[in-house]
Amino acid sequence: MTIAHRPPRAYRGRLLTPLAAPGGGAAVRYLDDALLVVDERGRIAQVEPFALGAFRGPVLDLRPAVLMPGFIDAHVHFPQTRVIGSASGPLLDWLERSVFPEEVRFRDDGYAALVAGEFTSRLLASGTTTCVVFSSSCPGATDQLFRALLRAGLRGIAGLTLMDRNCPEALCVPHDEAIPAARDLVQRWHGAGDGLLEFAITPRFAPSCSRPLMEAAARLALDHGLLVQTHIAETLAEAEAARREHPWARDYLDVYDRVGLLTGRTLLAHGIHLSSREWDRIAEVGSSVVHCPDSNFFLGSGRMRLADARARAVPVALGSDVGAGRSFDMRRSMSSAFDNALCHGERLPPADLFFTATQGTADAVGLGCVIGSLDPGKEADFIAVRFPDHVLGASELLNHLVFAPETASVQRSFIRGKPIYSHQP
Ligand code: GUN
Ligand code: ZN
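A brief report on the enclosed structure follows. All chains use their own residue numbering, which begins from 1 and follows the written sequence. Each chain gets a letter, beginning with A, and each ligand a number, beginning with 1, in the order they are written. Where totals are concerned, whole chains, interfaces and linings use all residues; where local detail is concerned, this predicted model gives features only for residues with pLDDT of at least 70, and gives and counts side-chain atom pairs only at 80 or more. Excluding hydrogens and water, the side-chain figures rest on all heavy atoms present in the structure.

### Quick word on the nonpolar core
Move 1: The biggest cluster of nonpolar side chains holds 112 residues, and the ones touching the most others in it are M68, F78 and I201.
Move 2: Any two residues whose heavy atoms approach within 4.5 Å are treated as being in contact. In contact with I201, other than residues within four places in its own chain, are L162, A217, L220, A221, L226, L227, V228, Q229 and L261. As used here, the term nonpolar core means buried Ala, Val, Leu, Ile, Met, Phe, Trp, Tyr and Cys residues forming a set that is joined through side-chain atoms within 4.5 Å. Each residue gets one of three labels from its accessible area relative to the maximum for its type: buried under 20%, exposed over 50%, partly exposed in between, using a 1.4 Å probe on protein chains only.

Laid out in structure tokens, this is it:
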């Protein structure tokens, strides 16, 4: 039997990668001229200053571009790709007016396939290499989403959005249909793409889910060790709706806790209006929070206090939350996270924001040992970004990357060292 070996590949460029600073905070490692070597399995074998003759074999020279880890979007809604920028009000009105009518269209597989292609193209053009995605409540559309992720070569964790109340009839799927459909999707897609794809249990939020639906979903998550993702405490009106729907719970978080959805692999998006008790419980269980500042500004939902998470060492991921977020570009999310913190009197250093969009988000979604930085042993998910020639040194690069993304274009993306995107000017 012959075993096909791919030769190791090597890349040359400037290189920027996040580093956790001792005692908290973040720093970066910057190399002005680096060699990045990827082994046969797509893992990073070496990262070091470039020296002639240090690697025997062809080296792809990407200079003057800067190699950095691909961005990770921990919260994005695939069926909202086309309604991005719909300024139709605070959360619950916006869902009724702009989101639900669009999500109904995903009952048509042809439409879902078309938008899934647009969705993956937008992620690729933004330098996102890993996404954690809400699909619609339609299994066919979710299948189309996974097909598109596979075709694009992206790393993705995605789930069928579960909802069986307080939504239009066409989106409402009772638990005895939704759970078997989710189980089918687990069989088909969890671990597909040589492990790049995962299925996530995705109850939309407590106001649109019955207790039996959430309990059955929690069992499925437990059976297969699946990531759970949902929304929490984005607005006060939503929190009130959750209380009305689930009067047996002591507060919003307790709904998810009592049905078994609060686990060490749960991603809670927003978390703007949480009590100290809820924050303490999130920390105790080991769940993570996804900060979606651009969405929060656009819908006027409020401003999350990062300090509440950091004081308890709750992992914080960053999410675009498209279509409430106005851009697929995680650089926009980093910039909005800066503005959000400023509103609380805190000035987040760009290195902190870069860390959060890469290693910090990888840690929060449970992939921190696999991706998030360009260090030996990690899988080689990286992008090559071109900056204007006058931008030199780590601190200038970070300023441009985070606050002036229009000056820095994503030229190439690689997953496990395999090219998946090349910018066509
Ligand atoms: N809460 C429930 N559904 C949604 C959604 O689609 N987007 C946002 N931002 N919040 C939600
Ligand atoms: Zn969302």
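### A short note on empty space enclosed by the protein
Move 1: The way it works is a 1 Å grid over only the protein atoms, where trapped points that fit a 1.4 Å probe form a cavity and open points with protein on both sides within 12 Å along at least five of seven lines form a pocket, and then any residue with an atom within 4 Å of a point lines it. Grid points are joined across faces, edges and corners, and a volume is the space filled by probe spheres set on the points. Scanning the entire structure with this criterion turns up 1 cavity of 30 Å³ or more.
Move 2: Here the largest cavity is characterised by a volume of approximately 100 Å³.
Move 3: Lining of the largest cavity is provided by 13 residues; of these, H77, L91, L95, H231 and E234 occupy positions nearest its centre.
Move 4: At 3 residues, the largest contribution of residues to the lining of the largest cavity is made by helix α1 (residues 91-104). Put simply, DSSP H or I for four residues or longer makes a helix, DSSP E for two residues or longer makes a strand, and each gets a number counted from the N terminus.

### As for the packing of aromatic side chains
Move 1: A pair of aromatic rings is counted whenever rings of Phe, Tyr or Trp (Trp by its six-membered ring) have centres within 6.5 Å, and the orientation is called stacked for planes under 30 degrees apart, edge-to-face for over 60 and tilted otherwise. Summed over all chains, the structure comprises 11 aromatic pairs.
Move 2: Plain terms: the ring middles of F106 and Y111 are 5.1 Å apart, the flat faces sit at 75 degrees to each other, and that makes the pair edge-to-face. For the residue pair F106 and Y111, the accessibility class agrees, reading buried in each case.
Move 3: Cluster of aromatic residues (ring-pair linked, three or more members): F78, F106, Y111, F119 and F328.

### Things to note about the pattern of salt bridges
Move 1: A pair is scored as a salt bridge if a Lys or Arg side-chain nitrogen falls within 4 Å of a carboxyl oxygen belonging to Asp or Glu. All told, the structure shown has 28 salt bridges when counted by the stated rule.
Move 2: Of the charged contacts in the structure, one is a salt bridge between R41 and D39, with a shortest N-O distance of 3.8 Å.
Move 3: Taking the relative accessible area as the measure of exposure, R41 reaches 56% and is therefore exposed.
Move 4: A salt bridge links E103 to R204; its shortest N-O distance comes to 2.8 Å.

### Considerations on the site of ligand 1
Move 1: Around ligand 1 sit H77, Q80, L91, W94, L95, R204, F205, H231, E234, H270, D321 and A324, and those are all the residues in its vicinity.
Move 2: Here a nitrogen atom of ligand 1 and a side-chain polar atom of E234 are 2.7 Å apart.
Move 3: Each polar contact in these results corresponds to two N or O atoms within 3.5 Å; when the atoms are within protein, one needs to be able to donate a hydrogen and the other to accept it, and residues that are neighboring in sequence are counted only if both atoms are side-chain atoms. Taking D321, its side chain carries an N or O atom lying 2.7 Å from a nitrogen atom of ligand 1.
Move 4: Isolated, ligand 1 exposes 280 Å² of accessible area, and the fraction of that covered by the protein chains is 100%.
Move 5: Because more than half of its atoms lie within 2 Å of the grid, ligand 1 is assigned to the largest cavity.
Move 6: Per element, the largest residue contribution to the shell around ligand 1 is 3 residues, and it comes from α1.
Move 7: Classification convention: Asp, Glu, Lys, Arg as charged; Ala, Val, Leu, Ile, Met, Phe, Trp, Tyr, Cys, Pro as nonpolar; all other residues, Gly among them, as polar. Counted by class, the shell around ligand 1 contains 5 nonpolar, 4 polar and 3 charged residues. For this purpose, a residue is taken to be near a molecule or strand whenever a single non-hydrogen atom of the residue falls within 4 Å of it. All accessibility values rest on the Shrake-Rupley procedure with a 1.4 Å probe; residue burial counts only the protein chains present in the view. A pocket or cavity is taken to hold a molecule when more than half of that molecule's atoms are within 2 Å of the pocket's grid points.

### So, the sheet that holds strand β14 (residues 382-386)
Move 1: One open sheet holds the 7 strands; their spatial order is β3-β2-β1-β4-β14-β15-β16, and the pairing between them is mixed. The sheet terminates laterally at β3 (44-49) and β16 (418-422), the two strands that pair on one side only. Across the sheet, the mean angle from the axis of one strand to that of its neighbour is 40 degrees, orientation sign disregarded.
Move 2: In this fold helix α13 (residues 393-403) packs onto β1 (9-20), β2 (26-38) and β4 (59-69), with an angle of close to 100 degrees to the strand it touches most, β2. Criterion used throughout: strands pair if DSSP finds at least two bridges between them. Inter-axis angles, ranging from 0 to 180 degrees, are taken between N-to-C directions of lines fitted to C-alpha atoms, where helices are fitted over the stretch in contact.

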